[in-house]
Amino acid sequence: MANSNVTSALDAVTAATGVAVTLDGETLKVDGRKVSLPGKLTGERADLFGIEGLFPTVPRADDRDKLLWHVIAEASPEDAGEPLKDRVLEADLAERLGLGTEASRAAAAALLDRFFNRKPVRVLLPVHTSLPLNYGHTSRAGKWSRYRMFNGGILPFLLWDASEGKVAAEPVEQLLNIVADSKELTSLDRRFLDVALRDAPARDAAPKAASLIERYEDTYKDDLQRAGGAFCQPSLDLFRRDLQTVLGTDLPRPDMIQWLTLLLSLHLTIRLYRIAVVKGGELDAAVAAAGQLDAPVGTGGCPCSSGGAGTECLQACPLAGLLRFRTGSGRYRPVSTRDACRSAYVEVDQRRLLDVPATLVTATLASHAWEALGGGDAAQRRDLTALATALNMDPALRTAHGAVCAAIAVLHHDAWHKGAATLGELENVARTGPNRPGLHALRDDVRKMRRRDLRHQSRDIVNQLMLDANVSGSGALITRNGTHGFYEIDEQLTVMLVRLICQDRQLPYEAFLKGLRAYGLAPQDDHERESLADALERLGLLARYSDAGEASFVHYA
């Protein structure tokens, strides 16, 4: 409900702009027209973040080794009841094996390394589908873990096929079949599964791709229709191609699970970065248009359309080549603030990515304001590029939209203070001027009010997915020297990127570097280009036929 401070602050906005903004009960109105806002202006609600087309849920950080686990668990054809606890299995494994004291202890240690990760709080890995179908992850204290990143629906989301208007089912089926296959299990593996599944609620259950897809497909179809399609459909098409490549690679079972986890982690990280760069740039352009200022260099939309453009357009994405990296050497190397791997990290991760929650919330609220002023379908899709164009062309819209955004900033600030914000605070929040349009005032308040939790929905997630200290030593993109983060790809990620880009072909080195751009990646300088080539040659992934660069070819060995 409106309080006197909110009412007075809205009166001040009306007086300053000449646009009548009022609060009728809990409904904001502009010149008598209702502004339809999310039910709550605080928290992590999907409707506030406006994630339709971007992600299936608002994520938070958690162990990346749970990604594939939840995909398999939610492919269960039926509810088998209460799962078993992985922490109990870990603690009792040696006793359950029954091989004698020393033999059981040695066998348990080997099995823990194969079926659990090596982090301080071990997580049971989906080495075989029977484990996710019968077990659940627990905390160190033995309580059920609350999953905060993505549920099993992340795989169907990433496999959305715009050309068919549905989830691509074949890769899901292939993945589940590979993890369910028991042919490569050793006798010790079979002993482990026999022990682990002794009291299992669904010992003989098999995952079904249809069960997983049916959980989410209709919801995604509705969400994507409202959003005008998935954000950067070509990047989803690239994931589908990459998943089929990994599934078609001859790998031992533990390596296959590791590669599938790394592939999901890489694409989720790059998608977060792509959203950060593209949507952040679009909002910058809209703010500039609202204030009739010069847009910052590099702002604007992405050339990728929703379907039909092919993955080649990723080469022209604003993210292409922005993640400038150095090649890991396996030993300590100092990093300078002048190094591009460090400056790129500061710009993309510490600035753009950190700002993602504020960007998405501001975009949602600004689009609701535009919709009340006649923005139509473009406003409902939260099309910031169209908003910037409209603001540039229509002075009356600039004035009215700025007033509504300033009014929403008042409501937003008061909501965060639970109705206790002072009049002075609210008037300062709603303050506008020649270089401070209402859209800028709104974004500024969203940033300030979310200062403590910005990283939870952005950088913390990427750190769990691709920071070397958090990924158990394999498949990392980010490294830290002390507090200085920077981009550095390790050997595991390098090998997988070669497989993804080269497929079964032999590519010139320059063509391989061009392929990296689709993932946002590029060596930080000419010296690093040579270092990457040397690393590839050392791994048996590059053949030099002469000293000339054009005579070097990359291939997956």
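Preceding this paragraph is the structure being described.
Residues numbered from 1 in each chain as written. Predicted model: local features only at pLDDT ≥ 70, side-chain atom pairs only at ≥ 80, totals over all residues. Heavy atoms only, no water.

**Examining the overall build of the chain**
Along the chain, the regular secondary structure elements total 23 helices and 14 strands. In terms of overall dimensions, the chain is globule-like: its C-alpha atoms have a radius of gyration of 26 Å, near the 24 Å expected for 557 residues. The C-alpha extent of the chain, read off along each of the three principal axes, is 80 × 65 × 45 Å. The buried share of the chain, taken over its 557 residues, is 55%. Considering only contacts in the chain between residues 6 or more positions apart, those separated by 24 or more positions represent 72%. Roughly 23,300 Å² of accessible area belongs to the chain as shown, and the carbon and sulfur atoms make up 47% of that amount. Averaged over its 66 positive side-chain charges, the chain has a centre that lies 3 Å from the centre of its 72 negative ones. (Helix = DSSP H or I, 4+ residues; strand = E, 2+ residues; numbered from the N terminus. Rg over C-alpha atoms; globule rule 2.2 N^0.38 Å. Buried < 20%, exposed > 50% of the residue type's maximum accessible area, 1.4 Å probe, protein only. Contact = heavy atoms within 4.5 Å. Areas by Shrake-Rupley, 256 points an atom, 1.4 Å probe, with all protein chains shown as cover. Lys, Arg positive; Asp, Glu negative; His and termini not counted. Charge placed at Lys NZ, Arg CZ, Asp CG, Glu CD.)

**Things to note about the sheet that holds strand β10 (residues 484–489)**
Pairing is mixed across the open sheet formed by four strands, whose spatial order is β9-β10-β8-β12. Of all the strands in the sheet, just β9 (478–481) and β12 (521–523) have a single pairing partner and so form its edges. Averaged over all pairs of adjacent strands, the angle between strand axes in this sheet comes to 55°, irrespective of strand direction. In this sheet, β12 lies alongside strand β8 (residues 323–327) in parallel orientation, the contact comprising three bridges. Opposite Arg324, over in β12, you have Ala522 as the bridge partner. (Pairing = 2+ DSSP bridges. Axes fitted to C-alpha atoms, helices over the stretch in contact; angles between N-to-C directions.)

**Regarding the packing of aromatic side chains**
According to the stated counting rule, one finds eight aromatic pairs in the structure shown. Each ring, one from Tyr273 and one from Tyr487, has its centre 6.0 Å from the other, and the planes form 85°; the classification is edge-to-face. Pair noted here: Tyr273 is in helix α12 (residues 253–290) and Tyr487 is in strand β10, with a separation of 214 residues, a long-range link. We classify Tyr487 as buried; its relative accessible area is 0%. Measuring from ring centre to ring centre gives 5.4 Å for Tyr345 and Tyr487, while their planes differ by 75°; the resulting arrangement is edge-to-face. Separated by 142 residues along the polypeptide, Tyr345 in helix α13 (residues 340–353) and Tyr487 in strand β10 bring together distant segments of the chain. In this structure, Tyr345 and Tyr487 share a single accessibility class: buried. An aromatic cluster of three or more residues is present, and its members are Phe157, Tyr216 and Tyr220. One Lys or Arg, Lys85, reaches over the ring of Trp144 and ends 5.3 Å from the middle of that ring. (Phe/Tyr/Trp six-rings, centres within 6.5 Å; stacked < 30°, edge-to-face > 60°. Lys NZ or Arg CZ within 6 Å of the ring centre and 35° of its normal.)

**What to know about helix α21 (residues 491–502)**
Along an α-helix, a turn takes 3.6 residues, which lines up residues three or four apart on a common side. Spanning 12 residues, α21 covers 16 Å between terminal C-alpha atoms, matching the ideal 16 Å at 1.5 Å per step. Just beyond α21, the residue with positive phi is Gln503, at close to 55°. (Expected span 1.5 Å × (residues − 1).)

**Some words on the pattern of salt bridges**
Inspection of the entire model under this criterion finds 35 salt bridges. Put simply, Arg544 and Glu537 hold a salt bridge, and the shortest N to O gap is 2.9 Å. Residue classification places Arg544 among the partly exposed residues on the basis of a relative accessible area of 32%. Its relative accessible area of 37% is what places Glu537 among the partly exposed residues. (Salt bridge = Lys/Arg side-chain N within 4 Å of Asp/Glu carboxyl O.)

**Looking at the pairing of β8**
Consecutive residues of a regular strand have side chains that alternate between opposite faces of the sheet. When you tally the buried positions in β8, you get four out of five residues, the bulk of the element. Bridging between β8 and β10 involves two bridges; their strand directions are parallel. By the bridge assignment, Thr327 is partnered in β10 with Ile489.

**What to know about the sheet that holds strand β14 (residues 552–554)**
Taken in spatial order, the three strands make up an open sheet running β11-β14-β13, and their pairing is antiparallel. Only two strands of the sheet have a single partner each, and these edge strands are β11 (507–508) and β13 (542–544). Relative to β14, β13 is paired through three bridges, and the arrangement is antiparallel. Looking at β14, one finds that Ala543 is bridged to Phe553.

**Details of the packing of α13 against helix α20 (residues 459–466)**
Here α13 crosses α20 at 130°, and the two axes come no closer than 9 Å. Viewed along their axes, α13 and α20 adopt a mutual orientation that is oblique. Along the contact surface, α13 presents Tyr345, Asp349, Gln350 and Leu353, while α20 presents Arg459, Val462 and Asn463. In the contact of α13 with α20, the residues fall into three nonpolar, two polar and two charged. (Parallel < 35°, antiparallel > 145°, perpendicular 65-115°, else oblique. Nonpolar A, V, L, I, M, F, W, Y, C, P; charged D, E, K, R; others polar.)

**What to know about helix α16 (residues 384–393)**
When α16 is considered as a whole, its buried residues turn out to be Leu384, Leu387, Ala388, Ala390 and Leu391. The buried residues of α16 all sit within an arc of 165° when viewed along its axis, so they share a single face. Tucked inside the fold, the buried residues of α16 contact α12, α14 (356–372) and α17 (395–416). A side-chain oxygen of the first residue of α16 lies 3.2 Å from the backbone nitrogen of Thr385; this N-cap is Asp383. (Arc of directions from axis to C-beta. Polar contact = N/O pair within 3.5 Å; in protein donor to acceptor, adjacent residues only side chain to side chain.)

**Considering the packing of helix α22 (residues 509–517) against helix α23 (residues 526–538)**
Here α22 crosses α23 at 105°, and the two axes come no closer than 12 Å. Put simply, α22 runs roughly perpendicular to α23. From α22, Tyr509, Glu510, Phe512, Leu513 and Leu516 reach across to α23, where they touch Arg529, Leu532, Ala533 and Leu536. Classifying every residue of the contact of α22 with α23 gives seven nonpolar, no polar and two charged.

**A word on the side chain of Lys66**
Mapped onto the fold, Lys66 is located in the loop between α2 (46–49) and α3 (67–73). The residues touching Lys66, leaving out its near neighbours within four places in the chain, are Val123, His137, Ser145 and Tyr147.

**Examining the layout of surface pockets**
Empty space within the second largest pocket amounts to approximately 520 Å³. Looking at the lining of the second largest pocket, the elements that each hand over two or more residues are β2 (27–30), β3 (33–35) and α17. For the lining of the second largest pocket, the element with the highest residue contribution is α17, accounting for three residues. Considering only residue class, the lining of the second largest pocket consists of 11 nonpolar, six polar and five charged. (1 Å grid on protein atoms, 1.4 Å probe; cavity = no way out; pocket = protein on both sides within 12 Å on 5 of 7 lines; lining within 4 Å. Points joined across faces, edges and corners; volume = space filled by probe spheres on them.)

**Some points on the environment of Gln315**
Here Gln315 lies in the loop between α12 and β8. When the C-alpha atoms of Gln315 and Val179 are compared, they prove to be 33 Å apart, with 136 residues separating the residues in sequence. The contact partners of Gln315, leaving out residues within four places of it in the chain, are Ala320, Lys514, Gly515, Arg517 and Ala518.

**With respect to the side chain of Asp161**
Relative to the elements of secondary structure, Asp161 occurs in strand β6 (residues 160–161). Of the buried charged residues, Asp161 lacks a salt bridge, with Arg240 as the closest side chain of opposite charge at 4.1 Å.

Just distances and angles here, no functional claims.
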